[in-house]
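Reading the structure
Each chain is listed here by its residues.
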Amino acid sequence: MDSVGGRPVVTVLRTEGADPPEPAVEERKSRWSSADLRKKLLIGVVALWAVGITALVVVRGGDSDETPAAAAPSAAPSASAAPLTVSEVYQALAPSVVLIRSTGPTEAGTGTGVIANADGTILTALHVVQGARSIEVTYADGTTSAAAIAGADAKQDIATITPQKLPETLVPAVLGGGAAVGDDVVAIGNPLGLTWSTSSGVVSGLDRRLDRDDKDAIEGLIQFDAAVNPGNSGGPLINTRGQVIGIVVALANPTDAGTFIGIGFAVPIGAALGGSGEGDGQAPPL
């Protein structure tokens, strides 16, 4: 059984050698039936539409005969291009912050550090670890390790320490970025032993000077009003792009209480890594 125009056509079997009968007039007419004509017109319209779309694509693609190459994926920077909320800054930087416990000749102390390098080097305040008999660091995942002082800059009250053991996942912080008065900042640390605490504020001054009784003054400090207390020393001061812009080293208090009253100080990250600055002001170390 054959088919013409979508309709079945019965073919009469004939004897071998006999001449085939003439097609019926009705069958010839069926090839141009109204249904068949509509189908052919529809196919023609679809073909014209496809040609039109192709022409439009060619025009939009320009005069070049070459097919443009697909854009290669690029790595995203660690720091955010857009401002982050305090919560987002904390989530991004908390894995890079460590708790530092040190034991000295007479007492034990706590402080904070920040992972500054992919090899596990930790940046902190020198007075947190100076003279310690032993140093222990605790990472955000709970991993603990003994550590030793690798380098010190007494002029800036900055030290680097190297741990003996690294956590399973090491997350170095992004270091860099300047500070301007009024910039939003976040501090993460371990004030009064309250681990991985965060506070926020603004940069309230620049180029401040910290006078110390038995040591040279520290100059060029960032003044900020995010709450910090003993135990925050060595922790990161972070901008809203998730960059560590300073290392917390001191707070200002006109009494002997040694608690926060609204003014903290941080060594700019450039100075902590080898720069310097100048200014005025004074405060006791954390």
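As the structure is a computational prediction, the values presented were derived from the model and not from experiment. One numbering rule holds for all chains: residues counted from 1, following each sequence as written. For this predicted model, a pLDDT threshold of at least 70 governs which residues receive local features, and a threshold of 80 or more governs which side-chain atom pairs are given and counted, while totals over whole chains, interfaces and linings are taken from all residues. The side-chain numbers reported here are obtained from all heavy atoms of the structure, hydrogens and water having been left aside.

Next up on the list: the sheet that holds strand 7 (residues 144-153). When DSSP locates at least two bridges between a pair of strands, those strands are taken to pair. For the purposes of this entry, the term helix denotes a DSSP run of H or I that reaches at least four residues, the term strand denotes a run of E that reaches at least two, and both are numbered from the N terminus. The sheet built from six strands closes into a barrel, its strands ordered 3-4-5-8-7-6 with antiparallel pairing. The sheet shows a mean angle of 40 degrees between the axes of neighbouring strands, taken without regard to direction. Direction of pairing for strand 7 relative to strand 8 (residues 158-163): antiparallel, over a ladder of six bridges. Residue Asp153 lies in a different strand from strand 8, and its bridge partner there is Ile158. Every angle, taken between N-to-C directions, lies between 0 and 180 degrees, and every axis is a line fitted to C-alpha atoms, over only the stretch in contact when it is a helix.

The next thing to look at is the nonpolar core. If you look at the biggest cluster of nonpolar residues, it comprises 40 residues, and the most contacted ones within it are Ile100, Ile161, Val244, Ile247 and Val267. Leave out the neighbours within four places in its chain, and Ile100 touches Gly109, Thr110, Gly111, Thr112, Gly113, Thr124, Val128, Val129, Ile135, Glu136, Val137 and Ile161. Ranked by size, the runner-up nonpolar core spans 13 residues in total, among them Phe224, Ala226, Leu237 and Ile245. To qualify as a nonpolar core, a set must consist of buried Ala, Val, Leu, Ile, Met, Phe, Trp, Tyr and Cys residues joined through side-chain atoms within 4.5 Å. Burial here depends on accessible area, computed with a 1.4 Å probe over protein chains only, as a share of the maximum for the residue type. Under 20% is buried, over 50% is exposed, and the range in between is partly exposed. Note on definitions: a residue-residue contact is assigned when non-hydrogen atoms from the two residues lie within 4.5 Å.

Let us now look at the side chain of Thr138. Tracing the backbone through its elements, the reader meets Thr138 in strand 6 (residues 134-138). A relative accessible area of 11% places Thr138 in the buried class. Apart from the residues within four sequence positions on either side, Thr138 is in contact with Val98, Leu99, Arg101, Thr143, Thr144 and Trp196.

Each reported salt bridge corresponds to a side-chain nitrogen of Lys or Arg within 4 Å of a carboxyl oxygen of Asp or Glu. The full count for this structure, using the stated rule, is three salt bridges. Measuring nitrogen to oxygen at the nearest pair gives 4.0 Å for the salt bridge that ties Glu136 to Arg101. Highlighted residues: Glu136 in strand 6 and Arg101 in strand 3 (residues 97-103), separated in sequence by 35 residues. Its relative accessible area of 34% is what places Glu136 among the partly exposed residues. Looking at Arg101, the relative accessible area reads 39%, which means it is partly exposed. The partner of Glu219 in a salt bridge is Arg209, with the nearest N and O atoms 2.4 Å apart. A residue pair is termed long-range when its members are at least 10 positions apart, and Glu219 in strand 12 (residues 218-224) and Arg209 in strand 11 (residues 197-210) qualify at ten residues. Residue Glu219 is classed as partly exposed on the basis of its relative accessible area, which comes to 27%.

Space inside and on the surface of the protein is sampled on a 1 Å grid over the protein atoms alone, with a cavity defined as a set of points where a 1.4 Å probe fits but cannot get out and a pocket as an open set with protein on both sides within 12 Å along at least 5 of 7 lines; lining residues have an atom within 4 Å of a point. Grid points are joined across faces, edges and corners, and a volume is the space filled by probe spheres set on the points. Of the voids in this model, the second largest pocket is the one considered here, and its volume is about 370 Å³. Taken together, 18 residues make up the lining of the second largest pocket; nearest its centre are Ser102, Glu107, Gly109, His127 and Val128. Elements that contribute at least two residues to the lining of the second largest pocket include exactly strand 3, strand 4 (108-115) and helix 4 (126-129). Any residue that is not Ala, Val, Leu, Ile, Met, Phe, Trp, Tyr, Cys, Pro, Asp, Glu, Lys or Arg is counted as polar, Gly included; the first ten are nonpolar and the last four charged. In terms of residue class, the lining of the second largest pocket is made up of six nonpolar, eleven polar and one charged.

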